[in-house]
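Below are the chains, spelled out letter by letter.
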Protein chains: 4
Amino acid sequence: MTASSDLATLLVSCPDRKGLVASLAQTLYGHGANILDADQHTDPVAQMFFQRIRFDLSSLTTDRVALEAAIREVAGRMHMDWRLAWGHHEKRLAIFVSRYDHCLYDLLLRHRAGELACDVALVISNHPDLAPVAAQFDVPFHHLPIDAATKLAQEAAAEALLVAAGVDTIILARYMQVLSEGFTARWASRIINIHHSFLPAFIGGNPHRRAFERGVKLIGATAHYATVDLDEGPIIEQAVVRCSHRDSVEDLVRKGRDLEKVVLAAAVRWHLEDRVLVYAGKTVVFD
Amino acid sequence: MTASSDLATLLVSCPDRKGLVASLAQTLYGHGANILDADQHTDPVAQMFFQRIRFDLSSLTTDRVALEAAIREVAGRMHMDWRLAWGHHEKRLAIFVSRYDHCLYDLLLRHRAGELACDVALVISNHPDLAPVAAQFDVPFHHLPIDAATKLAQEAAAEALLVAAGVDTIILARYMQVLSEGFTARWASRIINIHHSFLPAFIGGNPHRRAFERGVKLIGATAHYATVDLDEGPIIEQAVVRCSHRDSVEDLVRKGRDLEKVVLAAAVRWHLEDRVLVYAGKTVVFD
Amino acid sequence: MTASSDLATLLVSCPDRKGLVASLAQTLYGHGANILDADQHTDPVAQMFFQRIRFDLSSLTTDRVALEAAIREVAGRMHMDWRLAWGHHEKRLAIFVSRYDHCLYDLLLRHRAGELACDVALVISNHPDLAPVAAQFDVPFHHLPIDAATKLAQEAAAEALLVAAGVDTIILARYMQVLSEGFTARWASRIINIHHSFLPAFIGGNPHRRAFERGVKLIGATAHYATVDLDEGPIIEQAVVRCSHRDSVEDLVRKGRDLEKVVLAAAVRWHLEDRVLVYAGKTVVFD
Amino acid sequence: MTASSDLATLLVSCPDRKGLVASLAQTLYGHGANILDADQHTDPVAQMFFQRIRFDLSSLTTDRVALEAAIREVAGRMHMDWRLAWGHHEKRLAIFVSRYDHCLYDLLLRHRAGELACDVALVISNHPDLAPVAAQFDVPFHHLPIDAATKLAQEAAAEALLVAAGVDTIILARYMQVLSEGFTARWASRIINIHHSFLPAFIGGNPHRRAFERGVKLIGATAHYATVDLDEGPIIEQAVVRCSHRDSVEDLVRKGRDLEKVVLAAAVRWHLEDRVLVYAGKTVVFD
């Protein structure tokens, strides 16, 4: 097994044309990198090309600087957007919460079980309630209260903490505040949110009660990147569970919690493993 | 095994109060009917009681007329809505179609395999295309073209056929016409429709393309009783299937077809077996 | 809403005959009990009748002693096996664990979230590792080491703790020891176990590796009552999750953990709510 | 959109080594072929490399003969097993059936709906019952009765028909005969079978009854390539559906039919699209 510090992942998107696969493969091969996984997708409607390449650096015949320069050269020539993630850098996560603890516990337990390749740098909350949970897992907890008047100041304080801690990715683990447009834009494609979803969709408050009143037979959850347009960001993962007339509103809430945990964890894992590409308001997930 | 002609099914709904279960059970027992299945539900929010009782008539000590009179008496005293279905009467079905054949084939094949306890009395279509399919299964086919000017006349012609054929239930098996308010009202809770459903919901035309553009990870289908408010009728059954960036619009359409068949067939079977109660815009499905 | 202490649940099974529903409903009604939910099933092959009745005691016209005596009288006359659970008595749970913590955490978190109506009386383990987890939730933890020579003595020690704590139900939350025949028999239908399951089944050790080698496309988990015949007890709940050639053995193990949590929690909740009846080596789950 | 006759698919498997992706991509690029989709997998345990490349031939700068020769040269040098499928050749299918019609109807309807890119060359059956179904779809039907004494002769007759019709792939659509070892070996990885599967597995006859008796909560179906070891061939697809104590044996059979159709159709589609690679008794499905 290759040590994860000897791995790297390259994510690429660009207008489709001939020779893209060959030029990247040739570049990696020429530097002695060994491709372990390559997954590719072409959107025939958008005429866009997407690729994820995971490769082994342990037998590199040049060095990382030279390899990155060569990739930059090819990418420039082919008009590629690209992102290179080195395995020796674990992503640093911030988890935003309010009062619900189920997603926080779930993420921290999975992290401890080795399911999530990242550092959990800190937990930020607008309420003090979940400080003991963070403490159990030795994760710094920051209580940053918020109201309409202090919203931007609170976000600025949060952002200072994020920068100081070298955070790469923010997880909104049932954080019950709407982030400002500016904050969302600065962290574009780096904030993952989880929310319930229903067939049909119920806009507004208390959706589980409305799902109950409508007699739906399925309830769902969606994980997506946060955008200014709330709940309209690129979808990373979705799942549903059956329900029936026997389910009370409380049962629906309970089933919703279970879904939220599983769906959020999947989205976070795929993001951490650089499996998600965003374009045109949607995602390619190389799972 | 009891012959199905010796079975009957009683469906009851009423405001909740004490003694409902006992009074019905006592009535059936007093006439020699043997309860085979009884399923009950109380909606604690609406304070409503629902029950489905399936019973065996083969050892009735009185007769059907006396039994029905006794049930009517109890129901009146307890302010029950009730419906009694005798097993010797198979429901008579009309299937409305346009050009898509997948749901029609699916229903006719299931009927022939003995999955659907009903008579398929006739197929009505606004296009002639599917006449050969009906012919293969020896089901009368009626071509009733329609346009904006002839809508009410076409519905009247359809209704005459339905009445003449003694139809109980209409299945809209991808019938691409909106029924008039009057028609829908006259057949309330007796028309079952199938349509696609998505998370989030896409209103308007070409939903599979919009689901593709939005990058959804699930697509779904919903079977419901038709109401004037299109696609807002009481939901009988829903299901979803996974999709990904690899699915083209055509793939989504294909997956949608598979879902529509399964979901519609389940809804039809439950309706035919008198398992569905409608109240307050939703259903109780005793499955 | 009725306080749960004013509720009771009656579970009944017996050879099928006429009048069973009526006699029980009449008895409850005659004492002023209000039936909230009644679910019934008849197995036409075994000719057996099963019923679960949940009822409200708040307007009882007699008292609990008189009601229980009346039920006993009817049950005797009708040859019923029966079990009456009073809502004011919460079941007392013992959780057996070894070193895996995911099911233990899951149960304790669900209990704290109010999903499981029970007291968690104690945790028993053959290893000391999970003592801190129990401590976080203020649950007594007992370390009872075991080896081939001490097995019966260890079980006796465990049983003494169970009796002293008034335990009703044992959950084997990934407890990696086989219980003796005597212990299993004494706690028949009161020990819930969780284990992986595969299509096809893999007997013996390291099943996830063998599932990987066989290239299965689904892996599953089964919760069942423990019997002497290991993994052959009455099945309470099962679920599966998709996998593919991309899943390593470690991925399968991770997916298995998620399944085990969800499936075990469902089985425990149904058991605690007296929804499960065992007969002829299988279950009726009134869900 | 590229016409399908201008597409080709290359499937490759070989021991893993550096430069595999680059050498194939370079070869295709050098001949003017445009890679539309490339999916790759490395099995780190078996140290094996697998790749599926779908490419567009419409702007080939050489010709098909030269391209195939170049691929052969690379494959030889890299010790690759390879298979090249030209889009202008539709695979030719034989469907083997006995008396059950659900899978046959399902495949023929999907074919007519354009879901399956193949020619259905003929239907072979050991019973005459389904001749009318084949006739409805204008597919030649051959009745080849079989018993223990005539087994090899019947298979020889079938094989003569298959060869005469240029058949590539055989679908056992609920064909209730065990094929001989010789026949199976000659058509290795080209016969797709569907069978029920259960948790736990039930060996022997009447599995739905045994699943009923055991009270399983899920039933499943598995599509696999046929091997001499019956039901032990490489798994292509699996799915399950929930069941409960309310399901009779007949309900389980009905649910099983629905599963069989969906699972078999998926396996056939993936095979026809050259998405399935077999190695070490299992499959890689590039879906």
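Residues numbered from 1 in each chain as written. Chains lettered and ligands numbered in written order. Predicted model: local features only at pLDDT ≥ 70, side-chain atom pairs only at ≥ 80, totals over all residues. Heavy atoms only, no water.

For the rest of this paragraph, the subject is the relation of the copies chain B and chain A. The two copies are related by a screw motion: chain B maps onto chain A through a turn of 180° and a shift of 0.0 Å along the axis, at an RMSD of 0.0 Å. Here the two chains are linked by the operation of a two-fold rotation axis. Of all interface residues in chain B, 100% are interface residues in chain A too; the two copies therefore contact each other through one and the same surface. (Least-squares fit on C-alpha atoms with pLDDT ≥ 70 in both. Contact = heavy atoms within 4.5 Å.)

On to helix α1 (residues 20–30) of chain C. Where burial is concerned, most of α1(C) is hidden: eight out of the eleven residues are buried. For α1(C), the set of buried residues is C:Leu20, C:Val21, C:Ala22, C:Ser23, C:Leu24, C:Ala25, C:Thr27 and C:Leu28. Lining the buried residues of α1(C) we find α1 (20–30) and β2 (34–43) of chain B together with β1 (7–15), β2 (34–43), β3 (48–56) and α2 (64–78) of chain C. The first or second residue beyond α1(C) is C:Gly32, which carries a positive phi of 85°. (Buried < 20%, exposed > 50% of the residue type's maximum accessible area, 1.4 Å probe, protein only. Helix = DSSP H or I, 4+ residues; strand = E, 2+ residues; numbered from the N terminus.)

Residues and elements named next belong to chain A. Taken domain by domain, chain A consists of domain 1 (4–86) and domain 2 (92–285). One C-alpha centre belongs to domain 1, the other to domain 2; they are set 31 Å apart. Summed over both sides, the interface of domain 1 with domain 2 buries roughly 850 Å², with 57% coming from carbon and sulfur. By the criterion of area lost to domain 2, the three top residues of domain 1 are Leu11, Phe50 and Arg52, representing 50% of everything that side buries. If you look at where domain 1 meets domain 2, you find two salt bridges. Between Lys282 and Asp43 there is a salt bridge whose closest N-O contact spans 3.9 Å. Between the two partners, domain 1 and domain 2, sit three residue pairs in polar contact (both at pLDDT 80 or more). For the side of domain 1 that touches domain 2, the secondary structure elements donating two or more residues are β1 (7–15), β2 (34–43), β3 (48–56) and β4 (81–86). With four residues, β1 is the single largest residue contributor to the side of domain 1 that touches domain 2. (Domains from an automatic or database assignment. Buried area = accessible area lost by both parts, 1.4 Å probe. Salt bridge = Lys/Arg side-chain N within 4 Å of Asp/Glu carboxyl O. Polar contact = N/O pair within 3.5 Å; in protein donor to acceptor, adjacent residues only side chain to side chain.)

Before going further, it helps to examine the pattern of salt bridges. Going through the model one piece at a time under the given rule, you end up with 98 salt bridges over all chains. Salt-bridge contacts for B:Asp258 lead to D:Arg110; the nearest nitrogen and oxygen are separated by 3.0 Å. Taken together, the residues B:Asp258 in helix α8 (residues 249–272) and D:Arg110 in helix α3 (residues 102–112) connect one chain to another. As a salt-bridge pair, C:Arg92 and C:Asp119 come within 3.5 Å of each other at their nearest N and O atoms. Pair noted here: C:Arg92 is in strand β5 (residues 91–97) and C:Asp119 is in strand β6 (residues 118–125), with a separation of 27 residues, a long-range link.

Another aspect to go through is the environment of C:Asp258. Taking the relative accessible area as the measure of exposure, C:Asp258 reaches 18% and is therefore buried. With 155 residues separating them along the chain, C:Asp258 and C:Cys103 place their C-alpha atoms 9.0 Å apart.

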